[in-house]
Amino acid sequence: MGLFGSRKKNKKEVVTSAFEQHHEEPTERDEFAEVNEHARVLERDVQQETVEEEFPVSSEVPEQSEEETEEDEGERTFVPFSQKPLLDHVVGQTKILAIINQKGGVGKSTTAVNLAAALGEQGRKTLIVDFDPQGNSTSGFGIEKEDLDHCIYDALLNDVPAESLILDTNCKKVFVIPATIQLAGAEIELVSAIARETRLKDLLEPIQDEFDFIFIDCPPSLGLLTINALTAADSVLIPIQCEYYALEGVTKLLESMKMVKSRLNKGLDTYGVLMTMYDSRTSLSNQVVEEVQSYFGDKAFKTLIPRTVKISEAPSFGEPVITYAPQNKGAKAYMNLAKEVIKRA
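Since this is a predicted model, take the numbers as computed values, not measurements.

Caption draft 1: Inspection of the environment of Ala325 at higher detail. Within the secondary structure, Ala325 sits in the loop between helix H13 (321-324) and helix H14 (329-344). With 14 residues separating them in the primary sequence, Ala325 and Ile311 have C-alpha atoms 8.5 Å apart. Those residues in contact with Ala325, other than ones at most four positions away along the chain, are Lys310 and Ala331.

Caption draft 2: The arrangement of the nonpolar core in detail. Ranked by size, the top nonpolar core spans 52 residues in total, and within it Val129, Phe131, Ile152, Leu183, Leu200, Ile216 and Ile240 carry the most contacts. The contact partners of Ile240, leaving out residues within four places of it in the chain, are Asn101, Ala246, Leu247, Val250, Val273, Leu274, Met275, Thr276, Val292 and Phe296. Within the second largest apolar cluster, 34 residues are counted, among which are Ala117, Ala118, Phe213 and Val341.

Caption draft 3: Local environment of the packing of aromatic side chains. For the coordinates displayed, the defined rule picks out five aromatic pairs. Ring centres of Phe213 and Phe215 lie 6.2 Å apart, and the angle between their planes is 45°; on these two criteria the pair is classed as tilted. Under the relative-accessibility criterion, Phe213 is labelled buried at 3%. The interplanar angle of 80° and the centroid separation of 4.9 Å between the aromatic rings of Tyr295 and Phe296 together place this pair among those described as edge-to-face. By relative accessible area, Phe296 is classed as buried at 15%. In this structure, Lys125 is placed above the aromatic ring of Phe211, and the distance from its NZ or CZ to the ring centre is 5.2 Å.

Caption draft 4: Local environment of the sheet that holds strand E7 (residues 269-278). Spatially, E3-E4-E2-E5-E1-E6-E7-E8 is the arrangement adopted by the eight strands of the open sheet, whose pairing is mixed. The strands lining the two open edges of the sheet, one partner per strand, are strand E3 (167-168) and strand E8 (300-306). Note that strand E6 (residues 235-241) and E7 share seven bridges and pair parallel. Paired with Ile240 across the bridge in E7 is Met275. Running over the sheet, helix H4 (residues 108-121) touches strand E1 (95-99), strand E2 (126-130), strand E4 (174-177), strand E5 (213-217), E6 and E7 and is turned about 165° from E5.

Caption draft 5: Highlighting a nonpolar patch on the surface. Taken together, the side chains of Tyr244, Tyr245 and Leu284 make up a nonpolar region of the molecular surface, amounting to roughly 360 Å² of accessible area. If you trace the backbone, Tyr245 turns up in helix H10 (residues 244-263).

Caption draft 6: Representation of the packing of H10 against helix H11 (residues 283-296). Two elements in contact, H10 and H11, have axes whose closest approach is 10 Å; the angle formed by their N-to-C orientations is 20°. The angle between H10 and H11 places the two elements in the roughly parallel class. Crossing angle aside, the handedness with which H10 passes H11 is right-handed. Residues Tyr244, Leu247, Val250 and Leu254 of H10 lie in contact with H11, whose contacting residues are Leu284, Val288, Glu291, Val292, Tyr295 and Phe296. Tallied by class, residues from the contact of H10 with H11 come to nine nonpolar, no polar and one charged.

Caption draft 7: Region of interest: the pairing of E2. Across the five residues that make up E2, a large majority, five, are buried. Along E2, one buried face is formed by Thr126, Ile128 and Asp130 and the opposite face, lined by Leu127 and Val129, is buried too. In this sheet, E4 lies alongside E2 in parallel orientation, the contact comprising four bridges. In the sheet register, Ile128 faces E4, and the bridge partner there is Val176.

Caption draft 8: Spotlight on the pattern of salt bridges. All told, the structure shown has five salt bridges when counted by the stated rule. Two residues, Glu197 and Arg196, come together in a salt bridge whose shortest N-O distance is 3.3 Å. Taking relative accessible area as the criterion, Glu197 reaches 23% and is therefore assigned partly exposed. Classification of Arg196 as partly exposed rests on a relative accessible area of 29%. Where Glu313 meets Lys310, a salt bridge forms, and the shortest distance between an N and an O atom there is 3.8 Å. In this pair, Glu313 and Lys310 are both assigned in helix H12 (residues 309-313), three residues apart and thus about one turn of the helix distant. Exposure remark for Lys310: the relative accessible area of 34% places this residue in the partly exposed category.

Thresholds applied
- Residues numbered from 1 in each chain as written.
- Predicted model: local features only at pLDDT ≥ 70, side-chain atom pairs only at ≥ 80, totals over all residues.
- Heavy atoms only, no water.
- Helix = DSSP H or I, 4+ residues; strand = E, 2+ residues; numbered from the N terminus.
- Contact = heavy atoms within 4.5 Å.
- Core = buried A, V, L, I, M, F, W, Y, C linked by side-chain atoms within 4.5 Å.
- Buried < 20%, exposed > 50% of the residue type's maximum accessible area, 1.4 Å probe, protein only.
- Phe/Tyr/Trp six-rings, centres within 6.5 Å; stacked < 30°, edge-to-face > 60°.
- Lys NZ or Arg CZ within 6 Å of the ring centre and 35° of its normal.
- Pairing = 2+ DSSP bridges.
- Axes fitted to C-alpha atoms, helices over the stretch in contact; angles between N-to-C directions.
- Patch = residues over 30% accessible without salt bridge, like charges linked within 9 Å, V, L, I, M, F, W, Y side chains within 5 Å.
- Areas by Shrake-Rupley, 256 points an atom, 1.4 Å probe, with all protein chains shown as cover.
- Salt bridge = Lys/Arg side-chain N within 4 Å of Asp/Glu carboxyl O.
- Parallel < 35°, antiparallel > 145°, perpendicular 65-115°, else oblique.
- Left-handed = near helix turned anticlockwise from the far one by under 90°.
- Nonpolar A, V, L, I, M, F, W, Y, C, P; charged D, E, K, R; others polar.

The values reported here are purely geometric and, on their own, carry no functional implication.
Put into C-alpha cells, the structure is as follows:
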C-alpha cells in the first residue's frame, strides 16, 4: 500500500507541480521553489521507474515484428531450385512452334527430335511436347513409355502441372513432355470439356519462359489435339515429304490454319516449310522442291533433309541422329536447319 500509495502521491505532485510551474510560476516561484525542485526530481524518478518497467516490453515488440517480417519476406521470395531453374536466355522471347502436317509419315517426329537436339548443341534450351498418341518423340529419346506414371494426357484432363511432367533427355538442353496411347482418348473426352481449344495453351503458359524453343509434335490429323496445338503456338513448321501425295494435304492444312487464326489465335503464322526425305537422284524430288519453293517463297527453308539410313536407324537406338551419327549428312542437314531456325527467331 505504501509503495503504490507513494507512487500515486508522486503522480499527483507531479501533475500539480507541472500545472503550477506552467501557470503560476511567475507569482509563487519564491515560496515553493524548494517544493518545485523536489517535485521535478520526483517526476524524473517516476518516469525512470515507469520506463524501466515498460521499456523492455516496448523494445521487444519491434524486435519480434522485425524478425517476423524478415521470416515472412523470406517465405514470399524463396523458390526452390527445382521449381525455378536458372535461366540463360531472354525471358519473353520463347518461340512455340507446332510441327504439323495432317499426312502421316512426313517426318514430323523425326524433325522434332533432331531439330531439338541440334538446337541444344547450339546452346538453345528446347522443350518437346509430344502431342501424338503414337509417342514417337518420346521413344525417340529412349524413354520407355510403359514405365511412365503420367503423360501429357494427365495434364490436359486431370490438371497435373506440366512442370511435373518434364523429363530430361540424353541430349544437352533438350527436355520432353511425354505422350502415351492414353492421349488417343483425349480427342473424345475434350469434346464436352470447358475451354477445350485452349487446354494446351493454358498448360504451357507457366513454363514457356524457361525455354528458348518449344516444339509441339502434332498428330497426323486435324482434330481437337491439333486445334489445341495451333491455338498454343506462335507459328507452325510444316514438314513436307518430297513426294506428290504430300502436296495434296497442304491445302487442307492451310485452310485449318486460317480458321484457327481467325477465331482462336490471331497471331498464328507460318514459321517455315521444310522439305524432308529429299533424294537428289530423282526428278520427282526436285520437282516437288521447286513447286514448294515457288508457292511458299521465303517461308521455305533452304536446308533440305535428305533420305538416309542413319536417320531411320537412330530412333531404334533411342537417340537423335545428331548424337547417333554426327558425321552423317542427315545430322549435318539438321545442324544447318537449326542455324536457319535461330536466324528466323
